[in-house]
Amino acid sequence: MLDLQRTLNQVKSDADWVSLRQVTEKTTHRRVRDEKIDGNSVYFDQGVMVEVLVNGHFGFAGTSDLTESGIKRALGKAVAMARSGSSQKVHNFTTAQRPQAKGIYSSPVIRPIDSLSAKEITDIFVDATKAMKVSDKIISRSAGTMIVETSFHVVNSSGSEVQQNFSIVSTDFSATSGGPGETQTRSDNGGLARCFQVGAEVFDRADILSRSKRIAEESLELLSADNCPDEAMDLLLAPDQMTLQVHESIGHPLEYDRILGDERNYAGWSFVKPEDFGNLQYGSKLMNVTFDPTIADAMASYAFDDSGLKATKEFLIKDGVLVRGLGGLESQARLNLPGVANFRSSSWNRAPIDRMANINLEPGTTKFQDMIASIERGVFMMANKSWSIDDYRNKFQFGCEYAKLIENGKITKTLKNPNYRGTTVKFWNGLKAVSENRETYGSPFCGKGEPNQVIRVGHTTPYCLFSNVEVFGA
């Protein structure tokens, strides 16, 4: 077993600063389709990222060779890369961008993952797909999970030592119904949207069977539903759709590396400019958005980012005004703006970059039933099905799985193929009610960076009511 601190002490370098980050990760997939096992796999990954500071420039080299000689070779590559790149550096960095950190973090697990066998999980999933068989018109039923057990251990020449252990479970249940010339799929709050830092307690048989039966019934209901109308009206979004709305139209445009243009070749740019912070009325006064990696079971909670910056809750948007962006210490230094602890890497073989973590909409004061009662004519949409947004995260068009028509303060019927479109600032300035209760969802698959890095994000959001939104059927 690698002794990271001993290895750091033994490797010699003329770098101004050296860090070793060891990542160990086990990923388990289990899937059942139509009461039959569809897949079982376990993937194990381990390696070390060597990071150095030379001539005011950071260099990186990853290795899966965990011997002392393997890490020495990676160290040599990182130093050579940093020295070569320092002649073209965009900023003269110092160890101020790598503060000393000491601490331990572990996911809040009630019941360890290994307390439930593969057979026990599979049996629950077989029963879940049985529960979905509510009609002969249900033509496909699936249940699956991705379980990730991972640890990040960091030591560096500034005296830092951080150990963070994560237990992450994502589940996915879906039922597809079929009729003449049409299919409709309903999932459990969106594909893999139910993802949390949690243990085996998430596999509650009774709760899973109840949710599975409900989504099958709603899939069937969609077959005979009317298409979503095409008109501008009130739009009520459930937290499982607000997750994507927050992610795409708040999280990504506020990432400092996008604002700096670092991501323009791949992930895209941002309509937000540095001078907008403290000035832009991003949304209505009901809009309060936070970066909060301290929520217990949320997907992207942690104690320190990969620079060593302690993770704390910060307001990004306060009373509708943009006040802070999503940037780690490197981007903060380049922009001379305050940021957050979001300098994260996806694994041992990737350098950290600015990533959103838990980006949340703070709760309001309106009861859900009062929101329904206030709507003369509108649509209530749930669970994301499709999304499209431009490179600047300005114009967007999102589709949902399931919707209800609201007329004269009452829900009147189910609608299929619901979609809506808008532009970010106009849309958020139309926010006219925020519920007092929130729900947490997330995604294990937020992509960004060159080379690509897929990272985990979480979003805790209320039900939100927007005015005068263009909705339409597919």
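Structure first, text after, so check above.
Right, let's walk through the structure included here. (Residues numbered from 1 in each chain as written. Predicted model: local features only at pLDDT ≥ 70, side-chain atom pairs only at ≥ 80, totals over all residues. Heavy atoms only, no water.)

Further remarks concern the environment of S187. Its place among the elements puts S187 in strand β7 (residues 182-187). For S187, a relative accessible area of 4% puts it in the buried group. Put simply, S187 and K310 are 123 residues apart on the chain and 36 Å apart in space, counted from C-alpha to C-alpha. In contact with S187, other than residues within four places in its own chain, are F173, S174, I215 and E401. (Helix = DSSP H or I, 4+ residues; strand = E, 2+ residues; numbered from the N terminus. Buried < 20%, exposed > 50% of the residue type's maximum accessible area, 1.4 Å probe, protein only. Contact = heavy atoms within 4.5 Å.)

With that settled, consider helix α4 (residues 205-223). The end-to-end C-alpha separation of α4 is 28 Å, in line with the 27 Å expected for 19 residues at 1.5 Å each. Residues of α4 that are buried include every one of I208, R211, S212, I215, A216, E218, S219, L222 and L223, and no others. Down the axis of α4, the buried side of the element spans an arc of 165°, and every buried residue falls inside it. A distance of 3.3 Å separates the backbone nitrogen of A206 from a side-chain oxygen at the start of α4, and that oxygen is part of D204. (Expected span 1.5 Å × (residues − 1). Arc of directions from axis to C-beta. Polar contact = N/O pair within 3.5 Å; in protein donor to acceptor, adjacent residues only side chain to side chain.)

Our focus in this paragraph is the sheet that holds strand β13 (residues 321-322). Within the open sheet, the four strands sit side by side as β13-β12-β11-β16. Their pairing is antiparallel. For this open sheet the edge positions go to β13 and β16 (359-361), each flanked by a neighbour on one side alone. Across two bridges, the pairing between strand β12 (residues 314-318) and β13 is antiparallel. The partner of K318 across the bridge, within β13, is V321. (Pairing = 2+ DSSP bridges.)

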